[in-house]
Amino acid sequence: MDLPQISHFLVLARLLNFTRAAEECRITQPAFSRSVRRLELELGGDLVLRERSLTQLTKFGQAMLPFLEQIMFAADAAKAEARQFHSQEGAPLHLGLSPWLGLPLVGPILAEVVRTVKNVEFSVTVDKEPALRERMLQGELDVIFAVGSDTAHGRFNQWRLFSPTTSLFLPPGHAMLGVDEISARDLADATLLGAFDADALPEVLLAQVARTLGRRPATPHRAGNWETSLQLVRSGFGLSLGLSCWTTPDELVARPLRDLELTQGVVIETIGGRPRSAAATSFIKLARARSWL
Amino acid sequence: MSLKETLDALRSAMTEEATAAYAEILERFDSQMLGRRALKIGDRMPEFVLPNAEGKLVSSAQLLSKHSLIINFYRGSWCPYCSVTLKALDSWVKTQSERIPLALVAISPETGGRASEFKAINELECEVLVDVDNAIAVQFGVVIRLPKRYQTLLLGRGIDPKTLHGGEGWLIPLASTFVVSTGGQIVHSELHVDHTRRTEMETIPPVIERLSSSV
């Protein structure tokens, strides 16, 4: 298939009228009908129900529509991205980052975007996922890098990048360092660090530990992001449950947690169909292209 | 073994299920019709910026500033016919690159680090680029939807389009190869609806020879 064919179908899906769709595409109606028919042959099914008074998408047409919209969007974004190579205009990238993921994870990708895309101007906003989504809806953010479940929410496009494994972060010399792989049962007498919301990553893991133990372990202190949590570990205020992909500071030790698994994944989210800058397109492509494990 | 012998051996070892899926592809796609969609000799290649297997962004402008390009769209890391064809092209290009400024570029829509695995497993030296959501392949006019039997075949082998491409559209490039001059013009194009029969090793060397002697 090619782009003219896809754009013909997308216009038809919007107008549901062959005559008006052909007019909008500025081709004759027979040529327009042939173009849609050939796309149907190539895709292997009827996209459109052709009835005298009514043009409707078939079930197959409805199923294929988002994929064809996506490919059209991707091609337009790729053209804009290639143009940026010859442009003097700024390429903004407004990134939203979960407080439980951290800049080191996305650092290499940001560096690559800055190295290759001309005139990049990026900003990083760290906030809780619902607040980030709200800001993206308002147009303040282009991409969110977050911990999320695979549920689709309305206008957001989401791609799961990887399923993170979990670790316990301890200070050097801690008694539990003798244990190679730590399970929830080993945490009965530990002092752990909490967070502020039930859906914050350490709290999700704490809830799992509490289910295994039948009670919540001691969590007198709380942190609002991964770096603070690790600083509190360093200062001796407790142990931190977290992700194995966190950068462990030299003074701390990370031990894999055996039976704590996250159903959530590390995801990137964008608003479906919203035009974005070349820098944002490059960032998303780099994030999706690579392996995170 | 020559490329043809390797391809013949692979084809003759096809399972019954794979044979049926393969037959459906041949029946569904008409090379003439697909040929009309694709870029042709004399067309300008669309410019692109794509992540490579090493996680760097590579632009067509950079590539063309130094080399003529052989651009090969491969269906996916799951396609053995694509792998052996690419390996043959890669070895051949290596023997030529001292003589002719030439680079091979392999492109597929597979995400999640598969480009890097594919490159390592097949010991390729060429750039392996990730065409996320087929944004470039569709501009070359080579995107197809994998027919139902083939979808089932791949699903049965644990190959899931959601993790492979980040979407369930089953849209992939047709196995195809283009040669692009340093000026960005397409000087050769071949589409292989029958991905098991490949002519690249016969057609590409004379094209490159002509290209280098005309410079």
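Keep in mind the model is a prediction, meaning the values are calculated, not measured.

S.K.: In this structure, what is going on with the interface of chain A and chain B? I would like to understand it.
M.R.: Think of interface size as the accessible area that goes away when the parts come together; that is how it is often given. Taken together, the contact pairs 35 residues of chain A with 38 residues of chain B. Counting each side, the surface lost to burial between chain A and chain B is near 3,200 Å², with a carbon and sulfur contribution of 63%. Contact with chain B buries surface across chain A, with M1(A), E42(A) and R288(A) losing the most and accounting together for 20% of the total. Here chain A is connected to chain B by four salt bridges. Across the pair R37(B) and E42(A) runs a salt bridge whose closest N-O atoms are separated by 2.9 Å. For the side of chain A that touches chain B, the secondary-structure elements that each account for two or more residues are α1 (3-15), α3 (29-43), α4 (59-84), α5 (103-116) and α9 (278-289) of chain A. No other element matches α4(A), which puts 11 residues into the side of chain A that touches chain B. Along the lines of polarity and charge, the residues of the side of chain A that touches chain B split into 18 nonpolar, seven polar and 10 charged.

S.K.: How do you make sense of α9(A) when you look at a structure like this?
M.R.: Each α-helix turn comprises 3.6 residues. Residues three or four places apart therefore point the same way. All names here are of chain A. Helix length check: α9 (12 residues) gives 16 Å between terminal C-alpha atoms against 16 Å at 1.5 Å per residue, within 8%. Of all 12 residues in α9, 12 are buried, a share of seventy percent or more. Buried residues of α9: A278, A279, A280, T281, S282, F283, I284, K285, L286, A287, R288 and A289, and no others.

S.K.: Which parts of the structure should I look at to understand the pattern of salt bridges?
M.R.: Any two side chains of opposite charge can pair, given that their charged atoms come close. Overall, the coordinates contain 23 salt bridges over all chains when judged by the stated rule. With its nearest N and O atoms 2.8 Å apart, the salt bridge here joins R115(A) to E112(A). Remark: E112(A) and R115(A) occur in helix α5; sequence separation between them is three residues, near one turn of the helix. Notably, a salt bridge pairs D8(B) with R11(B), separated by 3.1 Å at the nearest N-O pair. One end of the pair, D8(B), and the other, R11(B), are both in helix α1 (residues 3-12), three residues apart, so they sit about a helical turn from each other.

S.K.: What is the right way to look at the packing of α5(A) against α9(A) in this model?
M.R.: Two packed helices can be described by the angle between their axes and the distance between those axes. All names here are of chain A. At a minimum axis distance of 10 Å, the contact between α5 and α9 shows a crossing angle of 135°. When the interaxial angle is binned, α5 and α9 end up oblique. In this structure, the crossing between α5 and α9 has a hand that is right-handed. Of α9, the residues touching α5 (which contributes V106, I109, L110, E112 and V113) are A279, S282, F283, L286 and A287.

S.K.: It is not clear to me how the sheet that holds strand β9 (residues 186-192) of chain B should be interpreted in this structure. Could you clarify?
M.R.: Working definition: the strands of a sheet are paired by backbone hydrogen bonds and lie parallel or antiparallel to each other. Residue and element names in this part refer to chain B. With mixed pairing, the five strands of this open sheet are ordered in space as β5-β4-β3-β8-β9. Among the strands making up the open sheet, the edge pair consists of β5 (127-130) and β9. Going across the sheet, the axis of each strand differs from the next one's by a mean of 20°, ignoring polarity. As defined by bridge partners, strand β4 (residues 102-108) adjoins β5 across four bridges and the pair is classed as parallel. The residue of β5 that forms the bridge with S108 is V130. Sitting on the sheet, helix α5 (residues 80-96) touches β3 (68-73) and β4, and the angle it makes with β4 is about 160°. Against the sheet, helix α10 (residues 200-214) contacts β3, β4, β8 (175-180) and β9, and its axis sits at roughly 175° relative to β9.

S.K.: Whenever I open this one, the pairing of strand β4 (residues 120-126) of chain A confuses me. Can you help?
M.R.: Sheet faces and side chains relate simply in a regular strand, where the side chains alternate between the two faces. Residue and element names in this part refer to chain A. The sheet contact formed by strand β3 (residues 91-97) and β4 spans seven bridges and is parallel. By the bridge assignment, L93 is partnered in β4 with F122. The parallel pair β3 and β4, bridged by α5, forms a crossover whose chirality is right-handed.

S.K.: Would you explain the nonpolar core in this entry?
M.R.: A general feature of soluble globular proteins is that nonpolar side chains tend to end up buried together. Within the largest apolar cluster, 105 residues are counted, with the highest numbers of intra-cluster contacts made by F9(A), L68(A), I70(B), I71(B), W78(B), V128(B) and F140(B). Among the elements that line this core, the one with the most residues is α4(A), at nine residues. Leaving out residues up to four positions away in the same chain, F140(B) has contacts with R37(B), A38(B), L39(B), M45(B), P46(B), I71(B), F73(B), F178(B) and I186(B). V147(A), F169(A), L201(A) and W246(A) belong to the second largest nonpolar core, which has 61 residues in total.

S.K.: Can you help me understand empty space enclosed by the protein in this one?
M.R.: In this approach a probe as big as a water molecule rolls over the atoms, and the regions it shows empty are the leftover space. Residue and element names in this part refer to chain A. Overall, the coordinates contain three cavities of 30 Å³ or more when judged by the stated rule. There is about 130 Å³ of room inside the largest cavity. Looking at the lining of the largest cavity element by element, the count peaks at three residues for α4. Approximately 60 Å³ is the volume found for the second largest cavity. Along the walls of the second largest cavity sit M136, L141, D142, T270, I271, R274, P275 and R276, which together make up its complete lining. Considered class by class, the residues forming the lining of the second largest cavity number four nonpolar, one polar and three charged.

S.K.: Could you clarify how one ought to interpret the sheet that holds strand β11 (residues 253-256) of chain A in this entry?
M.R.: All names here are of chain A. Ordered by their spatial adjacency, three strands build an open sheet running β10-β7-β11, and the pairing between neighbours is antiparallel. What marks the edges here is a single partner per strand, and that holds for β10 (240-243) and β11. On average, adjacent strands in this sheet sit at an angle of 35° to one another, irrespective of strand direction. One ladder, built from four bridges, connects strand β7 (residues 166-170) with β11; its direction is antiparallel. Across the sheet, the residue bridging to L168 is R255, located in β11. Along the sheet face, helix α7 (residues 201-213) touches β7 and β10 and points at about 115° away from the line of β10.

Rules used throughout
- Residues numbered from 1 in each chain as written.
- Chains lettered and ligands numbered in written order.
- Predicted model: local features only at pLDDT ≥ 70, side-chain atom pairs only at ≥ 80, totals over all residues.
- Heavy atoms only, no water.
- Contact = heavy atoms within 4.5 Å.
- Buried area = accessible area lost by both parts, 1.4 Å probe.
- Salt bridge = Lys/Arg side-chain N within 4 Å of Asp/Glu carboxyl O.
- Helix = DSSP H or I, 4+ residues; strand = E, 2+ residues; numbered from the N terminus.
- Nonpolar A, V, L, I, M, F, W, Y, C, P; charged D, E, K, R; others polar.
- Expected span 1.5 Å × (residues − 1).
- Buried < 20%, exposed > 50% of the residue type's maximum accessible area, 1.4 Å probe, protein only.
- Axes fitted to C-alpha atoms, helices over the stretch in contact; angles between N-to-C directions.
- Parallel < 35°, antiparallel > 145°, perpendicular 65-115°, else oblique.
- Left-handed = near helix turned anticlockwise from the far one by under 90°.
- Pairing = 2+ DSSP bridges.
- Right-handed = clockwise from strand over helix to strand, strands pointing away.
- Core = buried A, V, L, I, M, F, W, Y, C linked by side-chain atoms within 4.5 Å.
- 1 Å grid on protein atoms, 1.4 Å probe; cavity = no way out; pocket = protein on both sides within 12 Å on 5 of 7 lines; lining within 4 Å.
- Points joined across faces, edges and corners; volume = space filled by probe spheres on them.

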